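# Tertiary structure, described
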Amino acid sequence: MSAVGKSANIFWQECPVGKLDRQKLLKQKGCVVWITGLSGSGKSTLACTLGRELHSRGKLAYVLDGDNLRHGLNKDLGFSAEDRAENIRRVGEVAKLFADAGLICIASLISPYRKDRDSCRSILPDLSFIEVFMNMPLDLCEARDPKGLYKLARAGKIKGFTGIDDPYEPPLNCEIEIQEEENGVCPSPCAMAGQVVGYLEEKGFLQV
Ligand SMILES: Nc1ncnc2c1ncn2[C@@H]1O[C@H](COP(=O)(O)OP(=O)(O)O)[C@@H](O)[C@H]1O
Ligand SMILES: [Mg+2]
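Since this is a predicted model, take the numbers as computed values, not measurements. (Residues numbered from 1 in each chain as written. Chains lettered and ligands numbered in written order. Predicted model: local features only at pLDDT ≥ 70, side-chain atom pairs only at ≥ 80, totals over all residues. Heavy atoms only, no water.)

Moving on: the packing of helix α2 (residues 43-56) against helix α8 (residues 189-202). Following both chains from N to C, one finds α2 and α8 inclined at 60 degrees, their axes separated by 9 Å at the closest point. Comparing their axes, α8 and α2 come out oblique. Read as a crossing pair, α2 and α8 show a hand that is right-handed. Along its contact with α2, which presents Thr45, Leu46, Thr49, Leu50, Glu53 and Leu54, the element α8 presents Pro189, Cys190, Met192, Ala193, Val196, Val197 and Leu200. The class makeup of the residues in the contact of α2 with α8 is ten nonpolar, two polar and one charged. (Axes fitted to C-alpha atoms, helices over the stretch in contact; angles between N-to-C directions. Helix = DSSP H or I, 4+ residues; strand = E, 2+ residues; numbered from the N terminus. Parallel < 35°, antiparallel > 145°, perpendicular 65-115°, else oblique. Left-handed = near helix turned anticlockwise from the far one by under 90°. Contact = heavy atoms within 4.5 Å. Nonpolar A, V, L, I, M, F, W, Y, C, P; charged D, E, K, R; others polar.)

In structure tokens form, the structure reads like this:
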């Protein structure tokens, strides 16, 4: 008898083709690049630029963007702490499948709570969860406000907005931190993506 979560009588089905076989086929190692940060910090910009850069190098990557996933898989979820946790849990599970498929999975979500991000890290094989912290000041994100959400949050029209009236818990031990240069200038999207590509190269993810 085997019980998993709410289900009884569940057994693991082994498949003949494994992760290593797929990695050889793709000439890369599956992993998750998890981009976290405030709304407007540049997560989607980095995810897209990184995705394009990897594609141009012949590497298979796929972007899981928080906003896009809320159009489908997570459209039944809101922004309460419980729903945010479930949102992250589901994306973590999907990212794990993509990494197991051999892809470089780029997940870009605010993912404000440390505990939820750490849960995702814990379900992935060692070293294959790469947390990228978009360490941009709230002032900058708020000045950008590309969707006008900070304005609405400041006016009290959006409740529980991360950075305004809901907390953002910065990572304590992330693999990569992206921040403003000494002169207070934000690195260009290409420079941000270059920082991540450099890490992936150095750690051997772009080859088998
Ligand atoms: N490195 C950057 N340099 C200049 N502008 C940027 C940079 N990254 C993002 N932006 C701009 O900031 C805004 C927010 O970026 P976005 O990627 O949508 O943030 P997020 O996905 O974190 O909410 C966009 O208008 C984007 O063009
Ligand atoms: Mg975004």
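Another aspect to go through is the layout of surface pockets. For the largest pocket, the calculated volume is near 630 Å³. Considering the residues around the largest pocket, the lining is formed by 32 residues, among which Ser39, Lys43, Asp67, Ile110 and Lys147 are closest to the centre. For the lining of the largest pocket, the elements supplying multiple residues, two or more each, are α2, α3 (66-69), α4 (81-100) and α7 (149-154). Looking at the lining of the largest pocket residue by residue, the classes come out as eleven nonpolar, twelve polar and nine charged. Within this model, the second largest pocket holds a volume of roughly 350 Å³. Lining the second largest pocket are 16 residues, with Trp12, Arg22, Lys96, Leu97 and Asp100 positioned closest to its centre. The element that contributes the greatest number of residues to the lining of the second largest pocket is α4, accounting for five residues. (1 Å grid on protein atoms, 1.4 Å probe; cavity = no way out; pocket = protein on both sides within 12 Å on 5 of 7 lines; lining within 4 Å. Points joined across faces, edges and corners; volume = space filled by probe spheres on them.)

The next subject is the side chain of serine 128. Take serine 128: it is sitting in the loop between α5 (114-123) and β4 (129-135). There is a polar contact of 2.6 Å between the side chain of serine 128 and the backbone oxygen of proline 125. Leaving out residues up to four positions away in the same chain, serine 128 has contacts with Gly30, Cys31, Val32 and Phe205. (Polar contact = N/O pair within 3.5 Å; in protein donor to acceptor, adjacent residues only side chain to side chain.)

Strand order across the open sheet formed by five strands is β2-β3-β1-β4-β5, with parallel pairing between neighbours. The sheet terminates laterally at β2 (61-65) and β5 (176-179), the two strands that pair on one side only. Between one strand and the next, the sheet's axes are offset by a mean angle of 20 degrees, whatever the strand orientation. Alignment of strand β1 (residues 31-37) against β4, held across six bridges, turns out to be parallel. Residue pairing in the sheet places tryptophan 34 in a bridge with glutamate 131 of β4. Packing against the sheet, α8 makes contact with β1, β3 (104-108), β4 and β5, and its axis sits at approximately 165 degrees to β5. (Pairing = 2+ DSSP bridges.)

In a regular helix each residue adds 1.5 Å, so 14 residues correspond to 20 Å; α8 covers 20 Å between its end C-alpha atoms and thus fits that length. Within α8, burial applies to Met192, Ala193, Val196, Val197, Tyr199 and Leu200. Down the axis, α8 shows its buried residues gathered within 155 degrees of arc, on one side only. Residues Cys190 and Glu202 are exposed on α8 and point more than 90 degrees away from its buried face. In this fold, the buried residues of α8 make contact with β1, α2, β3, β4 and β5. Note on α8: the residue one or two positions beyond its end, glycine 204, has a positive phi of about 85 degrees. (Expected span 1.5 Å × (residues − 1). Buried < 20%, exposed > 50% of the residue type's maximum accessible area, 1.4 Å probe, protein only. Arc of directions from axis to C-beta.)

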